[in-house]
Amino acid sequence: MPIVFVHGGVPGVTPYASGPHIWGPVLERFPSATAIEATGTTVDALTQSVRRAVESKGKCHLVGHDLGGLVALNLAIEAPQLVTAVTAVASVAASPTGDGVGDFTFAYPPKPLWSRESQRWALERVSYSHHHVDNRLLDACVAAAAKQQPMTPEVYAEQFVPSVMKAKARFYEVCRSDGIKVPCQVIWGSHDPLATFDHGLWLFRGIAQRQRVAQFHLINRAGSLLFREEPAAFHQVVAAFSDAVNG
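First, a word on what this report is: a plain description of the structure on this page. Bear in mind that the values here come from a model prediction, so they are computed numbers and not experimental data.

Thoughts on the pattern of salt bridges
1) Next: A complete count under the given rule lists seven salt bridges for this structure.
2) Next: One salt bridge connects Arg116 with Asp139, and the closest N-O pair in it is separated by 2.6 Å. Remark: Asp139 occurs in helix H4 (residues 135–147) and Arg116 occurs in helix H3 (residues 116–125); sequence separation between them is 23 residues.
3) Next: Take Arg116: its relative accessible area is 28%, and that puts it in the partly exposed class.

Here is the structure:
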């Protein structure tokens, strides 16, 4: 069963330049997997981008980080015939939205934005440990920043944010009614500064209401980029779930 990795990140908004490169060395543990470039200014556009990328592969296990997790779940709702399973990784975008205090993790980044040092700062801010923020990652992030078209504040406010809320509302409505039609798991980092343990747990509980094949895994000593910080543990969890679903 093909495994397809879908990155998160919003160009011009997320303070580090995401893309397929963000998965890093963990991909070497999945020799038959692919990491795709997801593009678009709305969740629907991103979903269609992923759909076009996987349609020729047969049914896929989608592994999505943050926004990529919401996109993967959205595709599972829209086209379950293309999806064998979904793994949502530190998917703050898919987790319930509350009325809590604002998140200041990325407040006051060093300038210029998306420079090497600015991105190093951002990557370290979302990590439990900093050992994975190496030259290879920084080189890839700087290269990605040079190619990405930043999302303007107007597009972000008028198109992107409403699309996230719409997709999230649809997702939780499906969870309460018909349920997600494919097996799902949620993986969270114990020290994710962008969202609490409860965010991940309530995302899992939403899925598990109507989908019996649902799992939740917490990886210790890891932040939002847990697949980089604890690649062995991440590989074990994803590979075991994929094998179980496929077997």
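Regarding unusual backbone geometry
1) Next: Residue Lys111 is joined to Pro112 through a cis peptide bond whose omega torsion reads 5°.
2) Next: With respect to the helices and strands, the residue Pro112 is situated in the loop between strand S4 (83–89) and H3.
3) Next: Positive phi, normally seen in glycine, also occurs at Asp66, with a value near 50°.
4) Next: Assignment of secondary structure puts Asp66 in the loop between strand S3 (60–65) and helix H2 (67–78).
5) Next: One non-glycine residue, Ala90, lies in positive phi territory at about 45°.
6) Next: Relative to the helices and strands, Ala90 resides in the loop between S4 and H3.

Brief notes about the pairing of S4
1) Next: Counting buried residues in S4 gives seven out of seven residues, a clear majority hidden from the surface.
2) Next: Across six bridges, S3 lies against S4 in parallel orientation. Bridge pairing in S4 places Gly64 opposite Ala88.
3) Next: The parallel pair S3 and S4 is bridged by H2, and the resulting crossover is right-handed.
4) Next: Where S4 meets strand S5 (residues 184–189), four bridges bridge the pair, whose relative direction is parallel. Note that in S5 the partner of Val86 across the bridge is Cys184.

Looking at the sheet that holds strand S1 (residues 3–6)
1) Next: In spatial order, the strands read S2-S1-S3-S4-S5-S6; together these six strands make up an open sheet with parallel pairing. The open sheet is flanked by strand S2 (34–36) and strand S6 (214–219), the only strands paired with a single partner. Across this sheet, the average inter-strand angle for adjacent strands is 20°, counted without regard to direction.
2) Next: Here four bridges tie S1 to S3, and the two strands are oriented parallel to one another. When the sheet's bridge partners are listed, Ile3 is paired in S3 with His61.
3) Next: This element, helix H1 (residues 43–54), spans S1, S2 and S3 of the sheet and lies at about 145° to S3.

Each value, and the rule that gives it
- Residues numbered from 1 in each chain as written.
- Predicted model: local features only at pLDDT ≥ 70, side-chain atom pairs only at ≥ 80, totals over all residues.
- Heavy atoms only, no water.
- Salt bridge = Lys/Arg side-chain N within 4 Å of Asp/Glu carboxyl O.
- Helix = DSSP H or I, 4+ residues; strand = E, 2+ residues; numbered from the N terminus.
- Buried < 20%, exposed > 50% of the residue type's maximum accessible area, 1.4 Å probe, protein only.
- Pairing = 2+ DSSP bridges.
- Right-handed = clockwise from strand over helix to strand, strands pointing away.
- Axes fitted to C-alpha atoms, helices over the stretch in contact; angles between N-to-C directions.
- Contact = heavy atoms within 4.5 Å.

Geometric values such as these leave the question of function open.
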